[in-house]
Amino acid sequence: MNRTLKKLFSNTASLIGIILLFIFVIIALFAPLIAPPLTDDSYQIPRMSWEVNPQPPGFPMSEDIRAIYDYMGVEVRYDKAIFGTAEGGYDIFYGLIWGTRTAFRVGLITVIISVLIGILVGSFSGYFGGWLDEILMRITDIFLSFPFLVAAMVLTTILGRGLDKVMIALIAFGWMGYARLIRGSILATKEETYVTAAKALGVKDVKIIGKHLLPNTIFPVMVQATMNIGSMVITAAALSFLGVGAPVGYADWGQMVSFARNWIIGAPGHAGQYWYTVFYPGIFIVLFVLAWNLVGDTLRDILDPRLRGEL
Amino acid sequence: MLDSGKLLLAVKDLRTYFFTEEGIAKAVDGVDFEVYEGETLGIVGESACGKSVTAFSIMKLLDYPGKTVGGEVIFKGENLLEKSEEEMRRIRGKEIAMIFQEPMTALNPILTVGFQISEALMAHFKMSKEEARDRSIELLKKVGIPLPEQRVNEYPYQLSGGMRQRVMIAMALSCDPSLLIADEPTTALDVTIQAQILDLMRSLLQGFKGALIMITHDLGVIAEIADRIAVMYAGKVVEYTDKRTIFYYPLHPYTFGLLTSIPRLDLELPRLNAIPGVVPDPLHFPAGCKFNPRCRFVTERCKEEEPSLVKVEEGHSVRCWNVERVSKEAKEGLLVGEV
């Protein structure tokens, strides 16, 4: 494990990934300091103007909105749209900072729960075999036969709008890969003599799976999971972009890109006039996904003995 | 005839077949033997005679495509073949334990030695982690591992082959089983370590109330440790008697062949004796007696009719048509020097 960490930090690509992730973690942790919320609902992006058109970077909060906050007795500690505003005056900077928390939440929760489901299905299927394996794997096949994005979209639409619904949809159609991966490794590992030896000692099946099989089979899943955190965030963003994700005004990167949809081209005669509406959210998403992929790639290189040059 | 204690295990007409795509492989096809308390039964035979499959069948550890299709395994008066998987789990390790052939692969490389011994203890007794750990250290000391307090935290790769086999023995003995099955425990070790392990097993047997089934292809090991011997060939017991009788009055041509192929320093032999041919493929057994293609005493009857295990005298059963001829030659050929 020490060796793994050492390699993670000595490899340039993974170092970049780790630094990027570190920056994102800092942003997420210190969001209330970087972009102080104006209302109790800190995930609600504040509006800097009532204008439909996006406002350029540096735009100060319009007077009528400030008047509302003053009327409510709220101290306005945050009144400048550093990255400009999106459609409807929603502040891009605020959305991105608080959206980092959303991204971590969506990425980690969906992947962790998917991995857990995958481990459960895959290990039972592989270890016990027989009809249980047959049933579980056919269910997995059924879920795999749906195109991921379409299935997630349909399910979110059925469940209704909201980030939790998006996560449910992503988990519902995201666990199958892990299940298959685990099942395959378990099938290979359970033939080892030490598994029979543990059985011959009367060790319970669940313990054999947990203590003998999973620790020997979990690494490929860890690599897969790390890489998938990024793609889960992208898919969640895609769902938000398509309008079935986070509710309007919720701090979410996909939502930010979605706000930019009508302004990407710019105004007639002023191509790219509203570049900031798509550039900043885009950069955040790209860097976040890139960071996870760099780390995941290096993890794979480290944990795969064939690439390690030892076989 | 040994009659040391109560009947502990009786295997009656055990049949375990492997249902493969090429056909049914009758790996174990009618095995009978008894094990009494405090006694050591040796099961001998070449590789692929069904010795290990017999052991695995007793513990019901065989997976598809292997299946025990017939017979009885009566352990302490109860038929194990009728037990549920959970009942068997409670018996494994606690009542019947097993030592495996390859200590290299029978220990999990990523778990400490101490954990792997504690595991059995915690599975069968209500024991805390600390108690199990203390008991593991005690067991490691018992099997002669130096610095047990330190070794208990080490991983299998840090131990030598002999050490690992000692750990396997400690694991098997952890819950004081009534029956210990040792499946070629010394085969994977080099000769000096083999001797050490055998010595260890013998000294442990002194204080061990239970019985031991020793599976091996090494007659030297059997001579050292067993009280009673079952010789297996092609999935069947072909001769079953006490140790002395096997070595001095063998009545089956296969036993006879095995004995004459032991290298001997006291005789000037131009070359080492061997039994011609190999153990038949369990998918294509010959008709009649399964040993007939390799047998020196073969007659027409052997090729047509399979003999059954017949008691020739008290405590000595043989599966052969030509007992008289084998007996005569064995008496002339074998009784030279001590075994």
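Scoring rules and cut-offs
Residues numbered from 1 in each chain as written. Chains lettered and ligands numbered in written order. Predicted model: local features only at pLDDT ≥ 70, side-chain atom pairs only at ≥ 80, totals over all residues. Heavy atoms only, no water. Helix = DSSP H or I, 4+ residues; strand = E, 2+ residues; numbered from the N terminus. Buried < 20%, exposed > 50% of the residue type's maximum accessible area, 1.4 Å probe, protein only. Areas by Shrake-Rupley, 256 points an atom, 1.4 Å probe, with all protein chains shown as cover. Pairing = 2+ DSSP bridges. Axes fitted to C-alpha atoms, helices over the stretch in contact; angles between N-to-C directions. Core = buried A, V, L, I, M, F, W, Y, C linked by side-chain atoms within 4.5 Å. Contact = heavy atoms within 4.5 Å. Buried area = accessible area lost by both parts, 1.4 Å probe. Salt bridge = Lys/Arg side-chain N within 4 Å of Asp/Glu carboxyl O. Polar contact = N/O pair within 3.5 Å; in protein donor to acceptor, adjacent residues only side chain to side chain. Nonpolar A, V, L, I, M, F, W, Y, C, P; charged D, E, K, R; others polar. 1 Å grid on protein atoms, 1.4 Å probe; cavity = no way out; pocket = protein on both sides within 12 Å on 5 of 7 lines; lining within 4 Å. Points joined across faces, edges and corners; volume = space filled by probe spheres on them. Patch = residues over 30% accessible without salt bridge, like charges linked within 9 Å, V, L, I, M, F, W, Y side chains within 5 Å. Phe/Tyr/Trp six-rings, centres within 6.5 Å; stacked < 30°, edge-to-face > 60°.

Colleague: Looking at this model, I keep getting lost on the overall build of chain A. Mind explaining?
Modeller: Of regular secondary structure, chain A possesses 15 helices and four strands. Each principal axis of the C-alpha atoms in chain A carries an extent, and together these give about 80 × 45 × 45 Å. The burial tally for chain A puts 50% of its 311 residues in the buried class. As displayed, chain A offers around 14,600 Å² of accessible surface, 68% of which is attributable to carbon and sulfur atoms.

Colleague: Is there a simple way to explain the sheet that holds strand E10 (residues 236-242) of chain B in this structure?
Modeller: Backbone hydrogen bonds hold the strands of a sheet together, and the pairing may be parallel or antiparallel. Residue and element names in this part refer to chain B. Taken in spatial order, the eight strands of this open sheet run E6-E7-E8-E3-E9-E10-E12-E11, and their pairing is mixed. In this open sheet, the two edge strands, each paired with only one partner strand, are strand E6 (96-99) and strand E11 (310-313). Each neighbouring strand pair of the sheet contributes to a mean axis angle of 20°, computed without reference to strand direction. Pairing of E11 with strand E12 (residues 316-318), which is carried by three bridges, proceeds in the antiparallel orientation. By the bridge assignment for E12, Val310 is matched with Val318.

Colleague: When you look at the nonpolar core in this model, what are you seeing that I'm missing?
Modeller: The tendency in soluble globular proteins is for nonpolar side chains to be buried side by side. Counting residues in hydrophobic clusters, the biggest one holds 188 residues, and the most contacted among them are Leu9(B), Phe33(B), Ile58(B), Leu179(B), Ile181(B) and Ile213(B). Looking at this core, the element that brings in the most residues is helix H5 (residues 92-128) of chain A, giving 13 residues. Counting six residues, the second-largest nonpolar core is a separate cluster that includes Val121(A), Leu136(A), Trp175(A) and Ala179(A).

Colleague: Help me out: how do you make sense of the interface of chain A and chain B in this one?
Modeller: Interfaces are often sized by the amount of accessible area the parts lose when they come together. Of the residues lining the interface, 15 residues belong to chain A; the matching set on chain B comes to 25 residues. Between chain A and chain B, the buried area comes to about 1,800 Å², and carbon and sulfur atoms account for 64% of it. In this structure, Lys199(A) engages Asp63(B) in a salt bridge whose closest nitrogen and oxygen atoms are separated by 3.8 Å. Inspection of the region where chain A meets chain B yields eight residue pairs in polar contact (both at pLDDT 80 or more). Looking at the side of chain A that touches chain B, the elements that each hand over two or more residues are helix H10 (193-200) and helix H11 (205-217) of chain A. If you tally residues by element for the side of chain A that touches chain B, the top one is H10(A), at seven residues. Here the side of chain A that touches chain B is built from residues that sort into seven nonpolar, five polar and three charged.

Colleague: Just checking my understanding: could you explain the layout of surface pockets for this structure?
Modeller: Space left empty within the atom packing is revealed by a probe, the size of a water molecule, rolled over the atoms. Approximately 1,100 Å³ is the volume attributed to the largest pocket. Along the wall of the largest pocket there are 33 residues; nearest its centre are Lys199(A), Lys60(B), Leu61(B), Leu62(B) and Asp63(B). By residue number, the principal contributor to the lining of the largest pocket is strand E4 (residues 66-75) of chain B, which donates five residues.

Colleague: Is there a simple way to explain a nonpolar patch on the surface in this structure?
Modeller: Residue and element names in this part refer to chain A. A contiguous nonpolar surface patch, about 650 Å² in accessible area, is contributed by Phe22, Val25, Ile26, Leu29, Phe30, Leu33 and Ile34. Only helix H2 (12-29) and helix H3 (31-34) provide two or more residues apiece to the nonpolar patch. Considering each element in turn, the nonpolar patch owes the most residues, four residues, to H2. Within the element layout of this structure, Leu29 appears in helix H2.

Colleague: So what exactly am I meant to see when it comes to the packing of aromatic side chains here?
Modeller: To describe a pair of aromatic rings, one takes the distance between the centres and the angle between the planes. All names here are of chain A. Taken as a whole and judged by the stated rule, the model has 29 aromatic pairs over all chains. Each ring, one from Phe124 and one from Phe128, has its centre 5.5 Å from the other, and the planes form 50°; the classification is tilted. In this pair, Phe124 and Phe128 both sit in helix H5, four residues apart, roughly one turn of the helix. Residue Phe124 is classed as partly exposed on the basis of its relative accessible area, which comes to 32%. What makes Phe128 partly exposed here is its relative accessible area of 39%. Between Phe143 and Phe173 the ring centres are 5.7 Å apart and the planes differ by 50°, which places this aromatic pair in the tilted class.

Colleague: What is the right way to read the sheet that holds E4(B) from this model?
Modeller: Residues and elements named next belong to chain B. Strand order in the open sheet made by the four strands is E2-E1-E4-E5, with antiparallel pairing throughout. Since the sheet does not close on itself, it has two edges, and those belong to strand E2 (23-36) and strand E5 (78-79), each with one partner. In terms of strand pairing, E4 meets E5 through two bridges, oriented antiparallel. By the bridge assignment for E5, Ile74 is matched with Asn79. Contacts between helix H1 (residues 51-59) and the sheet are confined to strand E1 (7-20), E2 and E4, with E1 contributing the most and set at about 110° to the helix.

Colleague: Please explain unusual backbone geometry as it appears in this structure.
Modeller: Both trends apply: most residues other than glycine have a negative phi, and most peptide bonds are in trans. Residues and elements named next belong to chain B. Even without a glycine there, the phi angle at Lys76 is positive, about 50°. Among the secondary structure elements, Lys76 is positioned in the loop between E4 and E5. Of note, Glu184 is a non-glycine position whose phi angle comes to about 45°, a positive value. Position of Glu184 among the secondary structure elements: in the loop between strand E7 (179-183) and helix H7 (191-206).

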